[in-house]
Amino acid sequence: MTRQILVTHALPYANGPLHLGHALEAVQTDIWVRFQRLRGHDCLFVCAEDTHGTPIMIRAQQQGQTPEELIAASAAEHLRDYQQLLIGHDQFHSTHSEENRKLCAELYERLQAGGYIARRSVRQAYDEQAQMFLPDRYVRGTCPRCKSVDQYGDSCEVCGSTYSPAELIDPVSTLSNTPPVWRESEHLFFRLGAFETMLREWLASGSLSGAVRAKLDEWFAAGLQDWDISRDQPYFGFEIPGSPGKFFYVWFDAPIGYIASFVALAARRGLDFDRYWKSETATELHHFIGKDISYFHTLFWPAVLHGAGLRRPTNVCVHGFLTINGQKMSKTRGTFITARSYLDSLPPEPLRYYFAAKLSGGIEDIDLSLEDFIARTDSDLVGKLVNIASRCAGFIERGGGRLATALPDAELYAQFAAASEEIAALYEQREYGSAMRQIMNLADRANKYIDQHKPWAMAKDPARSEEVRAIATQGINLFRVLMVYLAPVLPKIAEAAGRFLGGPLDAWQAAATPLLGSALAPYQPLAQRLDPAVVFRLVASEPAAAPTKATPAKSAPAKTVATKPATAAPAATAAPGADAAATIGIADFARVDLRVARVLAASHVEGSDKLLQLTLDLGAGQRNVFSGIRASYAPEKLLNRLVIVVANLEPRKMRFGVSAGMVLCASGSEGGIFLLDVDSGAQPGMKVS
RNA sequence: GGCUAGGUAGCUCAGCUGGUUAGAGCGUGGCACUCAUAAUGCCGAGGUCGUGGGUUCGAGUCCCACCCUAGCCA
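Rules used in this analysis
Residues numbered from 1 in each chain as written. Chains lettered and ligands numbered in written order. Predicted model: local features only at pLDDT ≥ 70, side-chain atom pairs only at ≥ 80, totals over all residues. Heavy atoms only, no water. Helix = DSSP H or I, 4+ residues; strand = E, 2+ residues; numbered from the N terminus. Contact = heavy atoms within 4.5 Å. Areas by Shrake-Rupley, 256 points an atom, 1.4 Å probe, with all protein chains shown as cover. Phe/Tyr/Trp six-rings, centres within 6.5 Å; stacked < 30°, edge-to-face > 60°. Buried < 20%, exposed > 50% of the residue type's maximum accessible area, 1.4 Å probe, protein only. Pairing = 2+ DSSP bridges. Near = heavy atom within 4 Å. Polar contact = N/O pair within 3.5 Å; in protein donor to acceptor, adjacent residues only side chain to side chain. Nonpolar A, V, L, I, M, F, W, Y, C, P; charged D, E, K, R; others polar. Axes fitted to C-alpha atoms, helices over the stretch in contact; angles between N-to-C directions. Parallel < 35°, antiparallel > 145°, perpendicular 65-115°, else oblique. Left-handed = near helix turned anticlockwise from the far one by under 90°. Domains from an automatic or database assignment. Buried area = accessible area lost by both parts, 1.4 Å probe. Salt bridge = Lys/Arg side-chain N within 4 Å of Asp/Glu carboxyl O.

K.L.:
Report on the overall build of chain A, specifying residues and quantitative values.
P.N.:
Counting its regular elements, chain A contains 21 helices and 27 strands. Taking the intrachain contacts of chain A between residues at least 6 apart in sequence as the baseline, contacts between residues at least 24 apart amount to 74%. Summing over all exposed atoms, chain A offers an accessible surface of approximately 30,200 Å²; the carbon and sulfur share of this is 51%.

Listed below in structure tokens is the structure:
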């Protein structure tokens, strides 16, 4: 039976670039969608740019643009990233669209008519200079519990306690640096508590994972509170009908954006709204989200839908976060890998495969270990999978370019084909890691088969050419089955494999019957090994944590990446010299961000007979560096000279100021200090590797 | 702080309702092979399953406490 399915992943917020955490979610979702389509189901995939809220408004002001300009530029960037990641959205829309405006008004009116909207006064921080109410994150002050200074208005990063901005000691608005005043304002509330029975019933009937249910149980136990869905002007969003000066909170209109995106798609394709959104429809609705926003998607969202007379989600698929080399991502304080920086240097499919290999249906975090990433790509994708086609193709080609008309080992093929349902079940449950393991097991068996039959040995005897062709035909067919199973993960490679095999791999069913007697196109390499230097540059080349007081993220703190040493290098091979350091891996070297810099100014340091104070141009910005080279270099001799700098050295506070980097020099036991030189043509900011 | 989830070989992970010598892939040591993108195959070494208690004939698997990591606290 053909299922009708609508799928979404979380809307990217127009406040910054996509990072690999976004990529993880998009890839997880896209694999599921491609799998469903491959199985013959009718699966739509929609998404939208999430555009509203105070952070967008503030940022647009800071950048001297209108919010509309900002969100348009952001959406274009996001869409480009998604496309390069091979995410096959049917529609990428915007929450700042007419469709969404209408839907928000309509849903709100239905909720109001149902008696689900309450009004009451709220006391909130107000910035008199900026003339606006302040979201909690825009108030900072001293933590009332542990007295740590400069903490957010809603929680303390040091002691982890949560509180309200009013409890902060010495609160200050981050917009104007003035102390806020407290003002009353009437807000609109969604009466979530009215839906408890419905929600309990919904979660019991649904297919939510165990961990998500456990969390929901906790929330039920704590009691469902009303949800504040309004914000006072000025606010970038939709004004609430009948409440001048009040706007829908961004989290109210964002999920409705899922529907808006569908509506835009429906207009293009002539789809029936009720079929997808009417209460009790048989059409499935699956939302893929990160664990940080499950409250919104498993409580507010089903309740809003139900209250407005619409269907509830079939499932909310919650995943964990992405860490990089074991470290959590932290946009506000560290570096992180943007989707862009990855895509500018590496192909999308190894990353898709790697994510697939580590994803499960649970909410555990998954780690992107760069070394592991390289190993898996090289070993699984190239050494095992693609190798099967690669090693067989030559035999077919030399034998006339056609496959044999029968399989020498039909039983083995049948075993490969029989794995189909088990693998499909794993995809369906988002147990991609297990699915990948199964598939790679089969790949091992395919390689073993070829090894055991040694077609290269037979090929020496012209009389056995048919046997050789048969063995190779078997190998190619085993490869083809695996490629069908992997098509949701590796769409481009599957496409290329389809061209090689003489027909597209566009149906799961195709694995059931072998390809016989047909001609093969000349074999082209289907996947390449990864260059470790390029991969490790991902963490090394991110702009060194410019400590921008970035506008806070819309929801929870943004997840991002920090870097960590890739494991220690193995024991050194024969130590060449007594004072040679132990061998390090390329990963260790890549952690050092060496840059070309130009000396803009140099001067003696009062009170030091060793140091010179240098102002360096690193291309992207200037740095102050203290360097102990006074004995060998006069300041005026250094002006305009190019030097090599360790750009990511932890800034060091010295008696004379902060030194942000280290200038590289050679020195020996004979005395003397020698700056490293750079050939002409090099420009400040260039990376040294 | 409360709650939820995770802590298993060098690395990345499997281990369902407790049951014989704890598994896989990668990496590593040895061997074989040369068709294949320094690919593949065979054999081996590697773990007191976060720590400390407890229940049980028997615990990685159940209970308690603690430590570490992540998320949520609307």
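K.L.:
Give me the packing of aromatic side chains: which residues, what numbers.
P.N.:
Centre distance and the angle of the planes are the two values used to describe a pair of aromatic rings. The tally for this structure, following the rule as stated, stands at 29 aromatic pairs. Aromatic pair Phe262 and Phe273: ring centres 6.3 Å apart, planes at 65°, arrangement edge-to-face. Residue Phe262 is found in helix α7 (residues 250-269), and its partner Phe273 is found in helix α8 (residues 273-277); the two are separated by 11 residues along the sequence. What makes Phe262 buried here is its relative accessible area of 0%. Taking the centre distance of 5.2 Å and the plane angle of 35° together, the rings of Tyr485 and Trp508 count as tilted.

K.L.:
Can you tell me about the sheet that holds strand β8 (residues 169-173), naming the residues and giving the values?
P.N.:
Here 3 strands make up an open sheet; going across it, the order is β7-β6-β8 and the pairing antiparallel. Pairing within the sheet leaves two strands with one partner each, and these edge strands are β7 (151-152) and β8. Examined bridge by bridge, strand β6 (residues 139-142) and β7 share 2 bridges and lie antiparallel to one another. Of the residues in β7, the one forming a bridge with Arg140 is Tyr152.

K.L.:
Tell me about the protein's contact with RNA strand B, and please be specific about residues and values.
P.N.:
Around RNA strand B lies a shell of 45 residues, among which Glu218, Gln225, Lys358, Arg391 and Ala527 are the nearest. Each atom of RNA strand B within 4 Å of the protein was classed as base or backbone; sugar and phosphate made up 71%. Note that a sugar or linking oxygen of RNA strand B is positioned 3.0 Å from one of the side-chain N or O atoms of Asn387. Arg437 places a side-chain nitrogen or oxygen 3.5 Å from a sugar or linking oxygen of RNA strand B. Among the secondary structure elements, those contributing two or more residues to the surface near RNA strand B are α6 (210-222), α9 (294-307), α12 (370-398) and α15 (432-453). For the surface near RNA strand B, the leading source of residues is α12, giving 13 residues. Among the residues making up the surface near RNA strand B, the classes are represented as 17 nonpolar, 9 polar and 19 charged.

K.L.:
An account of the side chain of Arg340 is needed here, citing residue identities and associated values.
P.N.:
Structurally, Arg340 is set in helix α10 (residues 339-345). Among the polar contacts listed, one links the side chain of Arg340 to the side chain of Asp81, at a separation of 2.6 Å.

K.L.:
Pulling in residues and values, what's your account of the sheet that holds strand β9 (residues 181-190)?
P.N.:
Strand order in the open sheet made by the 4 strands is β5-β4-β9-β10, with antiparallel pairing throughout. This sheet does not close on itself; its edge strands, each paired only once, are β5 (132-133) and β10 (227-228). Where strand β4 (residues 117-127) and β9 come together, 10 bridges link them in antiparallel fashion. Looking across to β9, one finds that Ser121 is bridged to Glu186. Across the sheet, helix α4 (residues 98-113) touches β4 and β9, and the angle it forms with β4 is around 120°.

K.L.:
Describe in detail unusual backbone geometry, supporting the description with residues and values.
P.N.:
Cis geometry is found at the peptide bond from Gln233 to Pro234, where omega equals 0°. In this fold, Pro234 is placed in the loop between β11 (230-232) and β12 (246-248). The backbone phi angle of Asp170 is positive, close to 50°, even though this residue is not glycine. Relative to the helices and strands, Asp170 is located in strand β8. Although it is not a glycine, Asn177 adopts a positive phi angle of roughly 65°. Topologically, Asn177 is positioned in the loop between β8 and β9.

K.L.:
Break down the packing of helix α2 (residues 54-62) against helix α3 (residues 67-84) for me, citing the residues and quoting the values.
P.N.:
Geometry of a packed helix pair, given as the angle between the helix axes and the separation of the axes. At a closest axis distance of 8 Å, the pairing of α2 and α3 adopts a crossing angle of 100°. With respect to α3, the element α2 is oriented roughly perpendicular. Facing Ile56, Arg59 and Ala60 of α2, the residues of α3 in contact are Pro67, Leu70 and Ile71. Counted by class, the contact of α2 with α3 contains 5 nonpolar, no polar and 1 charged residues.

K.L.:
How would you sum up the packing of helix α5 (residues 196-205) against α6? Please name residues and give values.
P.N.:
As a packed pair, α5 and α6 sit with axes 11 Å apart at the nearest point and diverge in direction by 165°. Classified by the angle between their axes, α5 and α6 sit roughly antiparallel to one another. The crossing of α5 and α6 is left-handed. Residues Glu196, Leu199, Arg200, Leu203 and Ala204 of α5 pack against Arg213, Leu216 and Phe220 of α6. Its residues assigned to classes, the contact of α5 with α6 shows 5 nonpolar, no polar and 3 charged.

K.L.:
Just give me the short version of the domain arrangement of chain A, but keep the residues and values in it.
P.N.:
Partitioning chain A into domains gives domain 1 (4-114 + 195-226 + 241-319), domain 2 (117-190), domain 3 (367-512) and domain 4 (559-675). Taking the mean C-alpha position of each, domain 1 and domain 2 sit 28 Å from one another. Counting from both sides, the interface comprises 15 residues of domain 1 and, opposite them, 12 residues of domain 2. Overall, the association of domain 1 and domain 2 removes approximately 1,100 Å² of surface from exposure, summing both partners, and the carbon and sulfur fraction of that is 67%. Between the two partners, domain 1 and domain 2, sit 1 salt bridge. In this structure, the salt-bridge partner of Arg120 is Asp226, at a minimum N-O distance of 3.4 Å. The interface formed by domain 1 and domain 2 includes 4 residue pairs in polar contact (both at pLDDT 80 or more). Elements supplying a minimum of two residues to the side of domain 1 that touches domain 2: α2, α4 and α9. It is α2 that provides the largest number of residues to the side of domain 1 that touches domain 2, a total of 4 residues. Its residues assigned to classes, the side of domain 1 that touches domain 2 shows 9 nonpolar, 4 polar and 2 charged.

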